[in-house]
Amino acid sequence: MSAVAAETPAAPKPRRPQLTGRARSERRLAAMLVGPAAIVMIAVTAYPIIDAIVLSLQRSDLRFPNQSKFIGLSNYGHVLSAPVWWQDVLHTAIITVVSVSIQFVLGMALALVMHRTLVARGLVRAVALIPYGIVAVVAAYSWELAWSLNSGWIPKLLGLTGDPLSHTFGTYIAIIITEIWKNTPFMALLLLAGLALVPDELLEAAKVDGASAWQRFMRITVPLMKPAILVALLFRTLDAFRIFDTIYIFNQGAQGTESISMLNYSTLLDRLNLGLGSAVSVLLFLFVALIAFVFIKGFGAGVAPGGATGR
Amino acid sequence: MSVGEATGRRAAAARARAGQRTGFVSESVKRTTGWSAALVVVLVLSLVPVLWIVMLSLKTPATATDGSFIPHQWTLSNYSDIFKTGIFTSALRNSIGIALISTALAVIIASAAAYAIARLDFPGKRVILAVVLGVAMFPQISLVGPLYNLWRQIGLYDTWPGLIIPYMTFALPLSIFVLSSFFREIPWELEQAAEVDGATPFQAFRKVIVPLAMPGLVTTFIIVFIICWNDFVFAISLTSTTRAETVPAAISTFPGVSQFTVPYGDIAAAAVVVTVPVMLLVLLFQRRIVAGLTAGAVKG
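This is a predicted model, so every value here is computed, not measured. (Residues numbered from 1 in each chain as written. Chains lettered and ligands numbered in written order. Predicted model: local features only at pLDDT ≥ 70, side-chain atom pairs only at ≥ 80, totals over all residues.)

**Overview of the overall build of chain B**
For chain B, the helix and strand inventory stands at 13 helices and 0 strands. Helices and strands in chain B line up, N terminus first, as α-α-α-α-α-α-α-α-α-α-α-α-α. Here chain B, with 300 residues, has 45% of them falling under the buried criterion. (Helix = DSSP H or I, 4+ residues; strand = E, 2+ residues; numbered from the N terminus. Buried ≥ 20, exposed ≤ 12 C-beta atoms within 10 Å, placed from the backbone.)

Below, the structure written as structure tokens:
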């Protein structure tokens, strides 16, 4: 085994260009290959977000198109002084924190099952991928129709007489369960990548030394997979923070479950107020950037996907 | 650590292994039971919501609201109903076309970029990766307003390209991650050998690397297709009619018999139809999808 590995080094040696001509053609090829992707990504995200910033500084309401004018930061003042914005920030934060923490615990358990299981490995993997693959809208409908007193089996199973989706607490539970069900498999996959990095010999050595399963997990597995854990939490947190589909299908933000994305959507497309809506868009964008910044700089999440650092 | 300690530990390990071997039968039975229990839990939790929507789709309108998990009266009429309505069949056509085109474009553009990132030395690689990461984290809803506005001005609102452009864009980061990690595993020497034989770098890419990269390309295609197929945010915001409305958006606008009735059966049947292709892909390619997502996900 080791002889074979030694003959074919896993990572290619970085090539030092011997000829400037060759290096130049390599750079030209790289520019040609990377160019389209870079242009598309920048054009489709940077231009609109700049547009959103410009719109957010204007009074721009599609119902009154002739009254558009530059009004500085007053849209931001409007949004930030509105109780509904802060309520929605709170709703979004509650859903994000609760659903991501539970997804993390369950995702870790699922990752361990997928990593270690001795029986029907393929079956576990396929079945666990079902919630990941299912259309988000379908998942939301399945759970909404399951919880609804009119149609669902859950109220019947729990012996509820009132509609759980007619009050805030029940709706939160249902929405959070939907999010957990849909996203735990992806969390598990991200963690599985980290689990694969933990050497078996280390765990076995610790076992020989008398460490319990829990000690081995906490003292060896978790520290070694910390980079994977941070990245999994980062991506799941960002995604949960943008929650839209599930809430839209459940009740479009009624029952005190409106998220920031939902507010953004309704301001833009129901009220057609581009100025205010764009201010919400920019604030959401800043929130997401802040979360990413805290994870990457604060916790040191090494976000270098696919060996981005050119290992 | 001293030599004595190391040998002591090795001896202990040997003893432990011997012990394991003598107690092999009972321990393996216990472990198998444990894992089987875990398997059953995963099975039930994953499948119940899927089974539920299937069951609901098979209920007659009269029994759709009885709250029973298993239908009392079985029917396939919900399926024939939705295929009779133009809203669903055109949505299905839009979904398939838009998802396939977006996916193909994303995979083509991403494979070029991923090749450069995995194989070539060039300045600005870090900048590209920062852009990729930035787009991966971008809140898509923030684009809805500007795109809605822009698309209406330039006539892309409620058209296929109006959805293909954002889908392709947001599929690029994951495609680039997954593909570049696949490309990195391809034997480097073969490309050099081709270049020694007189191939240009581009020929080496097309004739040597692309065939070797096929499994990675297929995996990426499937993962990206699922992402495009599943989108709701853009579909609900940037379309309004059967011209470009995809199935997730169409389901959410299904009309009931009256304003106050929910078309449970139709929603459930449409949900099942739109879920089937993805389920098939997942079941057929589960090994590849897991490999692709975990490889592309993180190498910290």
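**Notes on the overall build of chain A**
Each helix and strand in chain A was counted, giving 14 helices and 2 strands. Looking at chain A residue by residue over its 311 residues, the buried ones come to 44%. Summarising the internal contacts of chain A: among those between residues at least 6 apart in sequence, 68% fall at separations of at least 24. (Contact = placed C-beta atoms within 7 Å.)

**Description of the nonpolar core**
Most often, soluble globular proteins keep nonpolar side chains buried together rather than apart. If you look at the biggest cluster of nonpolar residues, it comprises 172 residues, and the most contacted ones within it are A113 and L172 of chain B. The greatest single-element share of this core, amounting to 16 residues, is contributed by helix α4 (residues 86-119) of chain B. (Core = buried A, V, L, I, M, F, W, Y, C linked by C-beta atoms within 7 Å.)

**Overview of the environment of V218 of chain B**
Residues and elements named next belong to chain B. By secondary structure assignment, the location of V218 is in helix α9 (residues 201-230). Here V218 falls in the partly exposed class, since 14 other C-beta atoms lie within 10 Å of it. Between the C-alpha atom of V218 and that of I289, which follows or precedes it by 71 residues, the distance is 9.5 Å.

**Examining the interface of chain B and chain A**
On the side of chain A, 91 residues touch chain B, which itself brings 95 residues to the contact. Per-element accounting of the side of chain B that touches chain A gives the leading share, 15 residues, to helix α2 (residues 24-57) of chain B. For the side of chain B that touches chain A, the per-class residue count stands at 67 nonpolar, 21 polar and 7 charged. (Nonpolar A, V, L, I, M, F, W, Y, C, P; charged D, E, K, R; others polar.)

**Brief notes about the confidence of the model for chain B**
Across chain B, the average pLDDT comes to 80, with 87% of residues at 70 or higher. Note that residues 1-7 of chain B has pLDDT below 50 and, in this model, 1 contact with residues that lie over four places away or in other chains. (pLDDT = per-residue confidence, 0-100.)

**Some thoughts on unusual backbone geometry**
For D158 of chain B, which is not glycine, the phi torsion reads 60° and is therefore positive. What makes D158 of chain B partly exposed here is the crowd of 17 C-beta atoms within 10 Å.

**Observations regarding the confidence of the model for chain A**
Any region with low pLDDT has predicted coordinates that should not be read closely. All names here are of chain A. Across chain A, the average pLDDT comes to 80, with 89% of residues at or above 70. By mean pLDDT, helix α1 (residues 2-7) is the weakest element of chain A at 40, and helix α4 (residues 83-116) is the strongest at 90. Long-range and interchain partners of residues 305-311, a stretch whose pLDDT sits below 50, account for 15 contacts in this model, where long-range means more than four residues apart.

**What to know about the packing of α4 of chain B against helix α7 (residues 160-185) of chain B**
Contact pair α4 of chain B / α7 of chain B: the axes reach a minimum separation of 6 Å and the direction vectors enclose 35°. Remark: the crossing between α4 of chain B and α7 of chain B carries right-handed chirality. (Axes fitted to C-alpha atoms, helices over the stretch in contact; angles between N-to-C directions. Left-handed = near helix turned anticlockwise from the far one by under 90°.)

**Here's the deal with the environment of L73 of chain A**
In this fold, L73 of chain A is placed in the loop between β2 (69-70) and α3 (74-80). Taking the C-alpha atoms as reference points, L73 of chain A and Q58 of chain A, 15 residues apart in sequence, are found 8.4 Å from one another.

**As for the packing of α4 of chain A against helix α5 (residues 121-133) of chain A**
All names here are of chain A. Where α4 contacts α5, the two axes come as close as 9 Å, and the packing angle between them is 150°. The orientation of α4 with respect to α5, classified from their angle, is roughly antiparallel. When the axes of α4 and α5 are compared, the crossing they make is left-handed. Taking contact as the criterion, the partners of L110, V113 and M114 in α4 are, on α5, V124, R125 and A128. A breakdown of the residues in the contact of α4 with α5 according to their chemical character gives 5 nonpolar, no polar and 1 charged. (Parallel < 35°, antiparallel > 145°, perpendicular 65-115°, else oblique.)

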